[in-house]
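# Observations on chain architecture
One letter stands for each residue in the lines below.
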Amino acid sequence: MGYSGAVLAGGASKRFGEDKALFPYRGKPLLQWVLESLQGAKERFVVANRPYEGFGVPVYPDLLPGADSLSGLHSALSHARHPWVAVAACDLPFLSRDYWDFLYEKALASPYPVVVAYSGEGHLEPLAALYHKDCLPQVEGQIRAGDFLLRRIPETLGATYVPFAEVSARFGERVFLNANRKEELP
Ligand SMILES: Nc1nc2c(ncn2[C@@H]2O[C@H](COP(=O)(O)OP(=O)(O)OP(=O)(O)O)[C@@H](O)[C@H]2O)c(=O)[nH]1
C-alpha cells in the first residue's frame with residue numbers, strides 16, 4: 001500500500017523566464033517545496049530531461065519526449081513502483097503531505113484510475129492529481145496521436161472528481177496556486 005510521488009520539472013519555463021523548478025521561494029527552490037509535500041509517498045522522483053542535483057531523489061528522463069507535461073506523466077507512470085502515483089508540477093509550493101494523503105484516501109475507494117480536483121467552472125488540476133498505472137495505455141496512445149491534453153485522460157477513463165470547495169476548505173484557497181510567471185507568487 002502507499003503511493004509513488006513524481007514531480008515534473010522538464011518544462012521550458014518560458015513564461016517564468018528562468019528554470020522555475022530551481023527558483024528560490026521563501027528560502028528553498030520551488031521543486032523542494034513540492035518534493036517535501038510528497039514526503040508521505042513510498043518513493044519520490046523527478047521527471048525531467050535535464051539533471052536536478054542535490055535534491056536526493058532520482059531524476060528520470062521522458063521516455064516519449066515532445067508531448068509537454070504528458071511526456072512527464074507518461075514517464076512518471078512508467079517508472080513508478082506503486083500502482084497509484086501522485087503527479088505534481090514543480091511550481092505548486094502550497095501542496096502538502098495532508099493534501100496527497102487526502103487524495104490517496106479517495107483513490108483507495110475510486111472505481112476510476114484518476115483522482116483530480118475540479119472547480120465549478122470545469123477547471124481541473126491534472127498536475128496535482130493521482131493517477132493509477134492503468135492510465136498508461138491511454139497516455140501513450142494520446143502521445144502517439146499528438147493529443148497532448150491532460151484532461152482527455154479523466155474524460156476518457158473516468159475520474160473521481162474532488163470539488164475545489166472541499167479541497168480549499170481543508171487546505172486553503174491557495175492550495176493550487178502555481179507560478180507560471182514570477183509575479184504570480186505571493
Ligand atoms: N518531464 C517533463 N515535464 C514537463 C514538460 N513540459 C512541461 N513540463 C512540466 O510540467 C509542468 C507544467 O508545465 P508548465 O507550467 O506549462 O511549465 P513550463 O512548460 O515549464 O512553462 P512554459 O514554458 O511557460 O509553458 C511543469 O512542472 C513543467 O516543468 C516536458 O516536456 N517533460
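Details of the structure are given in the entry above.
Described in the following lines is the structure provided in the data block. (Residues numbered from 1 in each chain as written. Predicted model: local features only at pLDDT ≥ 70, side-chain atom pairs only at ≥ 80, totals over all residues. Heavy atoms only, no water.)

### Details of the side chain of Gln-138
Our working rule: Working definition: helices are DSSP H or I runs of at least four residues, strands are E runs of at least two. Numbering for both runs from the N terminus. What qualifies as a polar contact is a pair of N or O atoms within 3.5 Å, subject to a donor-acceptor requirement within protein and to the restriction that residues adjacent in sequence count only when both atoms come from side chains. Residues count as neighbours in contact if any of their non-hydrogen atoms are within 4.5 Å of one another.
Relative to the helices and strands, Gln-138 resides in helix H4 (residues 136-145). Polar contacts involving the side chain of Gln-138 include one to the side chain of Gln-142, which spans 2.8 Å. Beyond its immediate chain neighbours, meaning those up to four positions away, Gln-138 contacts Arg-152, Ile-153, Thr-156 and Leu-157.

### Focus: the environment of Ala-165
Relative to the elements of secondary structure, Ala-165 occurs in helix H6 (residues 164-171). Along the backbone, Ala-165 and Gly-120 are 45 residues apart, and their C-alpha atoms lie at a distance of 8.7 Å.

### Things to note about the side chain of Ser-37
With respect to the helices, strands and loops of the structure, Ser-37 is situated in helix H1 (residues 30-37). A polar side-chain atom of Ser-37 sits 3.0 Å from a polar atom in the side chain of Trp-100. Those residues in contact with Ser-37, other than ones at most four positions away along the chain, are Leu-95, Ser-96, Arg-97 and Trp-100.

### A short note on the sheet that holds strand S7 (residues 114-118)
Filter applied, for reference: Note on pairing: DSSP must find at least two bridges between two strands before they are called paired. Axes, fitted as lines to C-alpha atoms, cover a helix only where it is in contact. Angles between the N-to-C directions of the axes lie from 0 to 180 degrees.
Strand order in this open sheet of 7 strands is S5-S4-S1-S6-S8-S7-S9, and the pairing throughout is mixed. The strands lining the two open edges of the sheet, one partner per strand, are strand S5 (59-60) and strand S9 (160-163). For strand S1 (residues 4-8) and strand S6 (residues 84-89), the ladder comprises 5 bridges, and the chain directions are parallel. Across the sheet, the residue bridging to Gly-5 is Ala-86, located in S6. In the packing of helix H2 (residues 69-79) onto the sheet, the strands contacted are S1, strand S4 (43-47), S5, S6 and strand S8 (128-132), and the crossing angle to S4 comes to about 145°.

Purely geometric stuff here, so don't read any function into it on its own.
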